[in-house]
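These are the residues of each chain, in order.
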Amino acid sequence: MLDPASLPHWPYARAVDQELAGRGIPPGAVRVERDFRRETAMRLVFTWDASRCAGLGGIRLIWHDDTGWAHSLLRPDAVGAIPRGPLTALHRVYATPDDVAQVAGALVSRRFHHYSGDRHQEWEQAAQVRASIDAFHLTVVGACRAG
């Protein structure tokens, strides 16, 4: 089991999580997962179950370190999720935590009119985290090839 705080992705996850909590929409879970389809890619998963959402089911936001934000709807019967695709309002892989929180708030509250608009700002620490992730990927690839 990976300790999320030990990964280079964590500063971004923590910043988004703090922004969500500050707006009163803390997720029920934040996880870091390895994307087994790609050797070194990681993803962050923020989940709101039905008890935290307006309407039926829940919401899952997924961040991939190479493609950015996507979302899925959790089924009301808690059996799986319905993939919905990229969050088109967030145009940056490292969208600002404020922008992510605005979009998440619109999805969780089902106030989709607040979802409209384009958010082009990039998080001010994106370059540092991106460099750390690149170094991490090189280390993982090197270890896989040596092993």
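This is a predicted model, so every value here is computed, not measured.

*Asks:* So what exactly am I meant to see when it comes to the overall build of the protein here?
*Replies:* Of regular secondary structure, the protein possesses 3 helices and 5 strands. Counted from the first residue to the last, the protein has its helices and strands arranged as α-β-β-β-β-β-α-α. Across the 147 residues in the protein, those meeting the buried criterion constitute 41%. In the protein, 50% of the contacts between residues at least 6 apart in sequence involve partners at least 24 apart. Per element, the accessible surface of the protein, about 8000 Å² overall, is 53% carbon and sulfur.

*Asks:* Would you mind going over the environment of Arg-119 with me for this structure?
*Replies:* Locating Arg-119 in the fold gives a position in the loop between α2 (97-109) and α3 (126-146). Exposure remark for Arg-119: the relative accessible area of 10% places this residue in the buried category. Distance from Arg-119 to Val-103, taken between C-alpha atoms, is 9.4 Å for residues 16 residues apart in sequence.

*Asks:* What is the right way to look at the pairing of strand β4 (residues 68-74) in this model?
*Replies:* Working note: regular strand, side chains alternate between the two faces of the sheet. For β4, the buried fraction is high: 6 of the 7 residues fall into the buried class. Alignment of strand β3 (residues 58-64) against β4, held across 7 bridges, turns out to be antiparallel. Bridged to Ile-59 within β4 is Leu-73. In this antiparallel pair of consecutive strands, β3 and β4, the connection spans 3 residues. With 5 bridges joining them, β4 and strand β5 (residues 81-86) adopt antiparallel strand pairing.

*Asks:* Would you explain α2 in this entry?
*Replies:* Taking 1.5 Å per residue as the helical rise, α2 with its 13 residues ought to reach 18 Å, and the 18 Å between its terminal C-alpha atoms agrees with that figure. For α2, the set of buried residues is Pro-97, Asp-99, Val-100, Ala-101, Val-103, Ala-104, Ala-106, Leu-107 and Val-108. Where the residues of α2 are buried, they touch α1 (10-22), β2 (42-48), β3 and β4.

*Asks:* Just to check I follow, could you spell out the packing of aromatic side chains for this structure?
*Replies:* Applying the stated criterion across every chain, the model contains 6 aromatic pairs. Between the aromatic rings of Tyr-12 and Trp-63, the centroid separation amounts to 5.1 Å while the plane-to-plane angle is 55°, which identifies the pairing as tilted. Here Tyr-12, found in helix α1, pairs with Trp-63, found in strand β3; they are 51 residues apart in sequence, far enough to count as distant. Taken together, the ring pairs connect Tyr-12, Phe-46, Trp-63, Trp-69, Tyr-94 and Trp-123 into an aromatic cluster.

*Asks:* In this structure, what is going on with the confidence of the model for the protein? I would like to understand it.
*Replies:* In low-pLDDT regions, the fine details of the predicted coordinates are not to be read closely. Counting all residues, the mean pLDDT for the protein is 77, and 69% of those residues have values of 70 or more. Taking the mean pLDDT of every element in the protein, the minimum, 64, falls on strand β1 (residues 29-34) and the maximum, 89, on α1.

*Asks:* Mind showing me how you'd approach α1 here?
*Replies:* Turn by turn, an α-helix covers 3.6 residues, leaving residues three or four places apart pointing in a common direction. Here α1 contains 13 residues, and its C-alpha end-to-end distance of 18 Å stays within 8% of the 18 Å for a straight helix at 1.5 Å per residue. Directly after α1, the chain includes Gly-24, whose backbone phi takes a positive value near 80°.

*Asks:* I tried to follow the packing of α1 against α2 on my own but got confused; where do I start?
*Replies:* In a pair of packed helices, the angle between the axes and the distance between the axes together describe the arrangement. It is the contact of α1 with α2, at a shortest axis distance of 9 Å, that shows an interaxial angle of 50°. As judged from the angle between their axes, α1 and α2 are oblique. For the pair α1 and α2, the sense of crossing is right-handed. Judged by residue contacts, Tyr-12, Ala-15, Val-16, Glu-19 and Leu-20 of α1 engage Pro-97, Asp-98, Val-100, Ala-101 and Ala-104 from α2. Here the residues of the contact of α1 with α2 are counted per class, giving 8 nonpolar, no polar and 2 charged.

Parameters at a glance
- Residues numbered from 1 in each chain as written.
- Predicted model: local features only at pLDDT ≥ 70, side-chain atom pairs only at ≥ 80, totals over all residues.
- Heavy atoms only, no water.
- Helix = DSSP H or I, 4+ residues; strand = E, 2+ residues; numbered from the N terminus.
- Buried < 20%, exposed > 50% of the residue type's maximum accessible area, 1.4 Å probe, protein only.
- Contact = heavy atoms within 4.5 Å.
- Areas by Shrake-Rupley, 256 points an atom, 1.4 Å probe, with all protein chains shown as cover.
- Pairing = 2+ DSSP bridges.
- Expected span 1.5 Å × (residues − 1).
- Phe/Tyr/Trp six-rings, centres within 6.5 Å; stacked < 30°, edge-to-face > 60°.
- pLDDT = per-residue confidence, 0-100.
- Axes fitted to C-alpha atoms, helices over the stretch in contact; angles between N-to-C directions.
- Parallel < 35°, antiparallel > 145°, perpendicular 65-115°, else oblique.
- Left-handed = near helix turned anticlockwise from the far one by under 90°.
- Nonpolar A, V, L, I, M, F, W, Y, C, P; charged D, E, K, R; others polar.

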